[in-house]
Amino acid sequence: MRFEIMRLDDVDGTAVDSTVVDAASVNRIVQQAAAVGRRIYIRPAIGSAS
């Protein structure tokens, strides 16, 4: 399964940029974001049936 991860603006919460990653990468990205206080939003990527 693939996920879209969006980096959110610190002020208004709008999406600044996004990337699509496989499930194995999500934990690493969440840990990195938490370490620096980055706000992210994660959702299943469109068309990620497998």
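For the structure, see preceding data.
Just so it is clear, the model here is predicted, and its values are computed rather than measured.

The rules behind the values
- Residues numbered from 1 in each chain as written.
- Predicted model: local features only at pLDDT ≥ 70, side-chain atom pairs only at ≥ 80, totals over all residues.
- Heavy atoms only, no water.
- Pairing = 2+ DSSP bridges.
- Helix = DSSP H or I, 4+ residues; strand = E, 2+ residues; numbered from the N terminus.
- Salt bridge = Lys/Arg side-chain N within 4 Å of Asp/Glu carboxyl O.
- Buried < 20%, exposed > 50% of the residue type's maximum accessible area, 1.4 Å probe, protein only.

Novice: Honestly, the pairing of strand 2 (residues 15–22) in this entry has me stumped. Any pointers?
Specialist: For a regular strand, the rule is simple: side chains alternate between the two faces of the sheet. Both strand 1 (residues 2–8) and strand 2 contribute to a ladder of seven bridges, which runs antiparallel. Its bridge partner lying in strand 2, Ile5 is registered against Thr19.

Novice: Explain the pattern of salt bridges here, please?
Specialist: Should the charged atoms of two oppositely charged side chains come close, the side chains can pair. This structure, assessed with the given rule, holds two salt bridges. A salt bridge links Arg43 to Glu4, with the nearest nitrogen and oxygen atoms 2.8 Å apart. Here the residue Arg43 occupies a position in strand 3 (residues 40–44), and Glu4 occupies one in strand 1, the gap between them amounting to 39 residues. Taking relative accessible area as the criterion, Glu4 reaches 15% and is therefore assigned buried. Where Arg7 meets Asp17, a salt bridge forms, and the shortest distance between an N and an O atom there is 3.0 Å. Separated by 10 residues along the polypeptide, Arg7 in strand 1 and Asp17 in strand 2 bring together distant segments of the chain. Among the residues examined, Arg7 registers a relative accessible area of 31% and is labelled partly exposed.

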